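Read off the chains here:
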Amino acid sequence: MSDLLRTSLYTAHAAAHARFVPFAGWEMPVQYAGVLTEVKAVRERVGLFDVSHMGRVRVRGGDAPAFLQRMVVSDIARLSESGGEARYSLFCLEAGGVLDDIIVYRFSAGEFIVVVNASNREKDLSWMRHHAGGFNVRIEDETTETALIAVQGPEAMPLLDSLADRTLSRVRRFGFTDATVSGVRTMAARTGYTGEDGMELFCTADDAPRLWEALTAAGATPCGLGARDTLRIEAALPLYGHEMDEHTSPYEARLGWTVKLDKPADFLGRTTLAALKDSPPRRILAGIEMDGRAIPREGYVVRTGDEVIGHVTSGTFSPTRGKGIALVRIDARRAAPGNAVDVIIRDQPHAARTLALPFYKNV
């Protein structure tokens, strides 16, 4: 793994006996004590994730708002010009497919940070710079000089309040503020990817080990990518390359709510997305739960009788439900909750039923 990037928390992970895997060009911890233990920690107490591999791109300049209005499907103008608000959104191609799902954080009238998926960072940077012509903007990749730590779980906010110089529990969902946490200056955002309450803390790469140590000393359980993936499937949170990609529209990925066709500014993909909205997709994202002990995995075929109606986009064993669960892209006519389906595992059908999403909801 010598060619892989490492976050500034690598030494802390190794000291905690993490098992590492290559992920999107980074050497990342997949688990510490074990996925089941880590999922339980997040659902019942508080877990800690190193998500510094996610791309962090600063966009600033007089035309930054107009540029991002052009780039994303959401209405960035609805974010307060005084800063402190964030929005989940998408980059879409002109043909309507999803280039990436992102979060846009607004600091002021002309300054933003865009957090992108690790696997798409170079692609997204190229896409943004390609479309920046004619706009007075500067696009700066800050990924390697900064770090990002997620603190998630029902006890996350009390823990953070005990360590911060202000009451972070007053920050609204998808809001953010500057705060000093255990002596480390951070941007604390009430966002996350687990279905639990909590925050994501932006800080310098050099300060991240000190912050991580303080959070673990206060009782947060280190968690790896394995638990993160299980948690996000339980919460039905989509992952790029699974539930969406350049050949999947937002409407097929249960993300049509992000598309604001009525916003005053034109945006990339608008014409195609407007047409798609008037033509409901034949296949949509749904949830299934297995009847028995089988665990559905990505790519498994979903059938009704002898008819193939779709496939698994993400699947796992859910510790919270005690069953195998999956996000599936299936025939929209078969997606209503309660329908009996079969998942084909090693050429054998295994009974399942469709469920309303999400499988788990807390926030």
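Here is what the cut-offs are and how they apply
Residues numbered from 1 in each chain as written. Predicted model: local features only at pLDDT ≥ 70, side-chain atom pairs only at ≥ 80, totals over all residues. Heavy atoms only, no water. Helix = DSSP H or I, 4+ residues; strand = E, 2+ residues; numbered from the N terminus. Rg over C-alpha atoms; globule rule 2.2 N^0.38 Å. Buried < 20%, exposed > 50% of the residue type's maximum accessible area, 1.4 Å probe, protein only. Contact = heavy atoms within 4.5 Å. Areas by Shrake-Rupley, 256 points an atom, 1.4 Å probe, with all protein chains shown as cover. Lys, Arg positive; Asp, Glu negative; His and termini not counted. Charge placed at Lys NZ, Arg CZ, Asp CG, Glu CD. Pairing = 2+ DSSP bridges. Axes fitted to C-alpha atoms, helices over the stretch in contact; angles between N-to-C directions. Polar contact = N/O pair within 3.5 Å; in protein donor to acceptor, adjacent residues only side chain to side chain.

### A look at the overall build of the chain
- The number of helices and strands found in the chain is eight helices and 19 strands.
- At 21 Å, the chain has a C-alpha radius of gyration in line with the 21 Å of a compact globule built from 363 residues.
- Counting only C-alpha atoms, the chain reaches 60 × 50 × 40 Å along its principal axes.
- Counting every position in the chain, which comprises 363 residues, the buried fraction comes to 53%.
- Restricting the contact set of the chain to residue pairs at least 6 apart, pairs at least 24 apart contribute 65%.
- Accessible surface, the chain as shown: approximately 15,300 Å² in total, 49% of it carbon and sulfur.
- For the chain, the separation between the mean place of its 43 positive charges and that of its 46 negative charges on side chains is 4 Å.

### With respect to the environment of Gly183
- Residue position: Gly183 is located in the loop between strand S10 (176-181) and strand S11 (184-189).
- Using a relative accessible area of 51% as the deciding quantity, one classes Gly183 as exposed.
- Expressed as a C-alpha distance, the spacing of Gly183 and Leu163, which sit 20 residues apart in the sequence, is 8.6 Å.

### As for the sheet that holds S11
- On the basis of which strands lie adjacent, the open sheet formed by six strands has the order S10-S11-S12-S9-S3-S13 and mixed pairing. Taken across any chain shown, the strands that pair with only one partner, and hence form the sheet edges, are S10 and strand S13 (221-223). Across the sheet, the axes of successive neighbouring strands diverge by a mean angle of 30°, strand direction being ignored.
- Helix H6 (residues 208-217) rests against strand S3 (47-50), strand S9 (146-152), S10, S11, strand S12 (198-204) and S13 of the sheet, and its axis sits at about 15° to S9.

### Concerning the side chain of Glu243
- With respect to the secondary-structure elements, Glu243 resides in the loop between helix H7 (225-234) and helix H8 (270-277).
- Separated by 2.6 Å, the side chains of Glu243 and Thr313 make a polar contact.
- Here the side chain of Glu243 touches Ser314 through a polar contact of 2.6 Å, side chain to side chain.
- Apart from the residues within four sequence positions on either side, Glu243 is in contact with Arg232, Leu237, Pro238, Thr248, Ala253, Leu285, Thr313, Ser314, Leu327 and Arg329.

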